[in-house]
Amino acid sequence: MSTLPKTLTLDTSTSRANPTPQPMKRLTVPRIRQRKGGEPLVMLTAYTVRQAQLLDPHCDMLLVGDSLAQVIYGLPHTVAVTMEMMALHGAAVVRGSYHAAVVVDMPFGSYEASPEQAFNNAARLLKETGAAAVKLEGGRVIAPTIEFLTHRGIPVMGHVGLTPQAVNILGGYGVRGKSDEEARTIVDDAIAISEAGAFAVVIEGVLESIAIEITRKISCPTIGIGASAQCDGQVLVSDDMLGMFDRVPKFVKRYGDLATQYSAAAKQYADDVRDRSFPTQDQIYKG
Ligand code: KIV
């Protein structure tokens, strides 16, 4: 009997944008890797099917980030994120996209114990979501795990600098690499995971000089967030750049003001219901 999780199988006939876009070949991990030093790579986070549909045509990669902790679930940090959350949101984003390579974050606690633990959980995420790759945080310490995964068919994106899953060690989300020693460690971390086989490395929240040095020194693309325009690509949390939150971190540029539009639409609806101007005859069925 099939053990396929039915709710997670891809349904390309019903789940894509309407009208269904021309079938396109998805970007692959090797093609992303080849973009080192070339046209900048565009990555945004996505967590839901509709968000994926809207972002996909404009992006090379969609990241199902564990930032869904704060963005979707109202959690204080990413430590509480589970495999189930990542699998369900990852599958939704794959169903809503047809062009970008989808990368799913491995949640805290799903890969640190051993390479075998990491393989089992990464394989589960790829099977249940249809994503192209996983992302995990860490440097030299996690490099053997990255080598283990990449030698067994699992493409890995690394993540160095400010690593939010380590918030309880770091004590907050401040910029990293202010001391020479920490700067050296971050550069060494990026070199170690690149040499271990990561196909790309996110550099988050570091002094610009560190991001530039890493970008020059490693052979795979760097994706910056609060890093440098000289990285090989950029990523932002979509809801930040769309203006869904009041707080705008320094590294975010707002390209929209969706929170204001959401709120104004909800107020208009509420006013219309209360004064009985909704529904109108246009929204009513007649026999
Ligand atoms: O979880 C996330 O959204 C991320 C990006 C900020 C890089 O890891």
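Summarised in this report is the structure supplied together with it.

Basis of the calculations
- Residues numbered from 1 in each chain as written.
- Predicted model: local features only at pLDDT ≥ 70, side-chain atom pairs only at ≥ 80, totals over all residues.
- Heavy atoms only, no water.
- Pairing = 2+ DSSP bridges.
- Helix = DSSP H or I, 4+ residues; strand = E, 2+ residues; numbered from the N terminus.
- Axes fitted to C-alpha atoms, helices over the stretch in contact; angles between N-to-C directions.
- Near = heavy atom within 4 Å.
- Polar contact = N/O pair within 3.5 Å; in protein donor to acceptor, adjacent residues only side chain to side chain.
- Areas by Shrake-Rupley, 256 points an atom, 1.4 Å probe, with all protein chains shown as cover.
- 1 Å grid on protein atoms, 1.4 Å probe; cavity = no way out; pocket = protein on both sides within 12 Å on 5 of 7 lines; lining within 4 Å.
- Sits in = over half its atoms within 2 Å of the grid points.
- Nonpolar A, V, L, I, M, F, W, Y, C, P; charged D, E, K, R; others polar.
- Points joined across faces, edges and corners; volume = space filled by probe spheres on them.
- Buried < 20%, exposed > 50% of the residue type's maximum accessible area, 1.4 Å probe, protein only.
- Right-handed = clockwise from strand over helix to strand, strands pointing away.

### Notes on the sheet that holds strand S1 (residues 41–45)
As summarised here, the arrangement of the 8 strands in space is S1-S2-S3-S4-S5-S6-S7-S8, forming a closed barrel in which the pairing is parallel. In this sheet, adjacent strand axes meet at a mean angle of 25° when their direction is disregarded. One ladder, built from 5 bridges, connects strand S5 (residues 156–161) with strand S6 (residues 200–204); its direction is parallel. Across the sheet, Val160 pairs through a bridge with Ile203, a residue of S6.

### Description of the site of the ligand
Surrounding the ligand, one finds Thr45, Leu63, Gly65, Asp66, Ser67, Asp105, Lys135, His159, Val202, Ile225, Val235 and Val237. Contact distances for the ligand include 3.0 Å between an oxygen atom and a side-chain N or O atom of Asp66. Between the ligand and the protein, one listed contact pairs an oxygen atom with a side-chain N or O atom of Asp105 at 3.1 Å. Protein chains bury 95% of the 260 Å² of accessible surface belonging to the ligand in isolation. Comparing atom positions with the cavity grids shows the ligand to sit within the largest pocket. The class makeup of the residues in the shell around the ligand is 5 nonpolar, 4 polar and 3 charged.

### Structural notes on the layout of surface pockets
Summary: where empty space remains is shown by rolling a probe the size of a single water molecule over the atoms. Roughly 880 Å³ of internal volume is contained in the largest pocket. Lining of the largest pocket is provided by 35 residues; of these, Glu204, Val237, Asp240, Pro249 and Phe251 occupy positions nearest its centre. Where the lining of the largest pocket is concerned, the elements lending two or more residues are helix H4 (68–71) and S6. For the lining of the largest pocket, a count of residues per class yields 17 nonpolar, 9 polar and 9 charged. Counted as a void, the second largest pocket has a volume near 510 Å³. Lining the second largest pocket are 23 residues, with Gly138, Gly139, Thr163, Ala166 and Asp189 sitting closest to its centre. Per element, the largest residue contribution to the lining of the second largest pocket is 4 residues, and it comes from helix H9 (residues 180–195). Each residue belonging to the lining of the second largest pocket can be placed in one class, and the counts come to 9 nonpolar, 8 polar and 6 charged.

### Describing the pairing of strand S2 (residues 61–64)
Both faces of S2 are covered, namely the face carrying Met61 and Leu63 and the face carrying Leu62 and Val64. Bridging between S1 and S2 involves 3 bridges; their strand directions are parallel. Within the sheet, the bridge partner assigned to Met43 lies in S2 and is Met61. In this region the chain leaves S1, passes through helix H3 (residues 49–55) and returns to the parallel neighbour S2; the handedness of that crossover is right-handed.

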